[in-house]
Amino acid sequence: MSRPDPKATRKIISGVVTLGLLVGGVAYLFASSAGEAFEYYKHVDELMAQPAQWEGKHVQVHGFVVPGSIMKRFDKEHQQIDYKFRAVNCGTELEIHYAGTVPDTFKDRAEVVCKGILSDGKFEAREISAKCPSKYQVRPDGPAATLCTRGDHNVETAQAVQK
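Structure report, in brief. (Residues numbered from 1 in each chain as written. Predicted model: local features only at pLDDT ≥ 70, side-chain atom pairs only at ≥ 80, totals over all residues. Heavy atoms only, no water.)

### Considering the overall build of the protein chain
1) Next: When helices and strands are tallied, the protein chain shows 4 helices and 9 strands.
2) Next: N-terminal to C-terminal, the α/β element order of the protein chain is α-β-α-α-β-β-β-β-β-β-β-β-α.
3) Next: Within the protein chain, buried positions represent 32% of all 163 residues. (Helix = DSSP H or I, 4+ residues; strand = E, 2+ residues; numbered from the N terminus. Buried < 20%, exposed > 50% of the residue type's maximum accessible area, 1.4 Å probe, protein only.)

The structure is reproduced here in structure tokens:
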């Protein structure tokens, strides 16, 4: 029997090791950079139906700002504005806390998507986006409970229809 050439064996081993390091490096970069990109997207009522299931997980929550609920204060220590407000969807409300700059479209009845973590029944947002009011339809005189989204379209709840 002939023995394999040591140089050829060394080339094969170094090629396999190089390929393994390359694949492992790409997998590590993907996993480390995409960590927060994999977030659940839930409406306020869906999130609050089973809050224990979502505690501590990265979530995007969708709802409408409850009229009159926006409170803000200046945090001198961190030199930023702290916002506390309630978001509603189909009659279910959630308290949200956010520190930072909000978009110009953030106001009462604005449709918002907040990214963050649910903690002790309150949502700690790290990012807020508010849709332009011209892109959704709400009853201007109706209560906040009439603000309701199902799927990708806005609907009126039974309370709104009864008015």
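That covers the picture; the talk isn't over yet.
### With respect to the side chain of Asp75
1) Next: If you trace the backbone, Asp75 turns up in strand E3 (residues 71–75).
2) Next: For the buried Asp75, no salt bridge is present, and the opposite-charge side chain at shortest range is Arg73, 4.7 Å distant.
3) Next: In this structure the side chain of Asp75 is engaged in a polar contact, spanning 3.2 Å, whose partner is the backbone nitrogen of Glu77.
4) Next: Residues in contact with Asp75, not counting those within four places in the same chain, are Gln80 and Asp82. (Lys, Arg positive; Asp, Glu negative; His and termini not counted. Salt bridge = Lys/Arg side-chain N within 4 Å of Asp/Glu carboxyl O. Polar contact = N/O pair within 3.5 Å; in protein donor to acceptor, adjacent residues only side chain to side chain. Contact = heavy atoms within 4.5 Å.)

### Brief notes about the packing of aromatic side chains
1) Next: Enumeration over the complete set of coordinates arrives at 3 aromatic pairs.
2) Next: Here Tyr40 and Trp54 contribute two aromatic rings whose centre-to-centre distance is 4.8 Å and whose plane-to-plane angle is 65 degrees, an arrangement assigned as edge-to-face. Placement of Tyr40 in strand E1 (residues 40–43) and of Trp54 in helix H3 (residues 51–54) is noted, with a sequence separation of 14 residues between them.
3) Next: Assessed through its relative accessible area of 42%, Tyr40 is described here as partly exposed.
4) Next: Residue classification places Trp54 among the buried positions, given a relative accessible area of 5%.
5) Next: Judged by centre distance (5.9 Å) and plane angle (80 degrees), the ring pair of Tyr83 and Phe106 falls under edge-to-face. (Phe/Tyr/Trp six-rings, centres within 6.5 Å; stacked < 30°, edge-to-face > 60°.)

### With respect to the pairing of E3
1) Next: Relative to strand E4 (residues 80–89), E3 is paired through 5 bridges, and the arrangement is antiparallel. Across the sheet, Arg73 pairs through a bridge with Asp82, a residue of E4.
2) Next: In sequence, E3 turns back onto E4 through a hairpin of 4 residues, with Gln79 there showing a positive phi of about 55 degrees. (Pairing = 2+ DSSP bridges.)

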